[in-house]
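Notes for the structure review
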Amino acid sequence: FPVQDAAHTSFGETHSGYPATDVFHTAGCGAQLVSPVDGVVLEVRRDNVWDPAVDDPDTRGGRTLAIVGDDGVRYYMAHFQAIDDTIQVGVRLAAGDPVGQLGDSGRTSACHLHFGLSPVCTTPEWWVRRGVIWPARYLRDWRDGVNTSPVPEIDAWSADHPDACTQAPGGGDDSG
């Protein structure tokens, strides 16, 4: 589970126009975020470069982290207050390793974690990275101690969308 104190979290089943989940913690900003999986840091954005005047979908997540799990799935986390200094591209993480603090960076109005699951793309893209399958059921299982894998669903999505990593974004809202 991507939040250290999972018992004090809440999240819904749906999100704003695309498959992702916003996870809230009773402590609000500053709650400890952890790696939800064994894997390697794929992307890290420490600066909150989102500008409301431009509203670039690529920066709406504010401070972000993407981990490619040993299972091949990309685990995307956004809106950090801060990302730990030890987190660098290529760093190996174990599930439960601290990665940063819950925040409200980017385009958001509340402290929360935007959590998305997707395949790894070799091209820069935000429309896949933000999430392509609904993660709530996996989050629920992980919080309850059940290690349910998103791999079959990610593989099926990838087979149904073979050009997703190279297509232009199809609109929608990436508010995170």
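Residues numbered from 1 in each chain as written. Predicted model: local features only at pLDDT ≥ 70, side-chain atom pairs only at ≥ 80, totals over all residues. Heavy atoms only, no water.

1. Some details on the state of the cysteines
Formally, a disulfide is one covalent bond, and it connects the sulfur atom of one cysteine to the sulfur atom of another. For the structure shown, the criterion picks out 2 disulfides. Between the sulfur atoms of C29 and its disulfide partner C111 the distance amounts to 1.5 Å. An S-S torsion of about -60° defines the bridge between C29 and C111 as left-handed. Remark: C111 occurs in the loop between β9 (98-102) and β10 (113-119) and C29 occurs in the loop between β2 (21-25) and β3 (32-34); sequence separation between them is 82 residues. For C29, a relative accessible area of 33% corresponds to the partly exposed category. (Disulfide = S-S within 2.5 Å. Helix = DSSP H or I, 4+ residues; strand = E, 2+ residues; numbered from the N terminus. Buried < 20%, exposed > 50% of the residue type's maximum accessible area, 1.4 Å probe, protein only.)

2. Digging into the sheet that holds β2
Pairing within the open sheet is antiparallel, and its 7 strands lie in the order β1-β2-β10-β6-β5-β4-β8. In the strand order of this sheet, the two ends are held by β1 (9-11) and β8 (92-93), each with one partner. For strand β6 (residues 73-78) and β10, the ladder comprises 6 bridges, and the chain directions are antiparallel. Considered in β10, the bridge of M77 is made with F115. The strands touched by helix α1 (residues 136-143) are β1, β2, β6 and β10; relative to β1, the strand with the most contacts, the crossing angle is about 160°. Contacts between helix α2 (residues 151-160) and the sheet are confined to β6 and β10, with β10 contributing the most and set at about 60° to the helix. (Pairing = 2+ DSSP bridges. Contact = heavy atoms within 4.5 Å. Axes fitted to C-alpha atoms, helices over the stretch in contact; angles between N-to-C directions.)

3. Description of the pattern of salt bridges
Scanning the entire structure with this criterion turns up 11 salt bridges. When the shortest N-O distance is used, the salt bridge between E43 and R129 registers 3.8 Å. Residue E43 is found in strand β4 (residues 39-45), and its partner R129 is found in the loop between β10 and α1; the two are separated by 86 residues along the sequence. Residue classification places E43 among the partly exposed residues on the basis of a relative accessible area of 26%. Members of the salt-bridge network, linked through shared partners, are E43, R45, D58, R74, E125 and R129. (Salt bridge = Lys/Arg side-chain N within 4 Å of Asp/Glu carboxyl O.)

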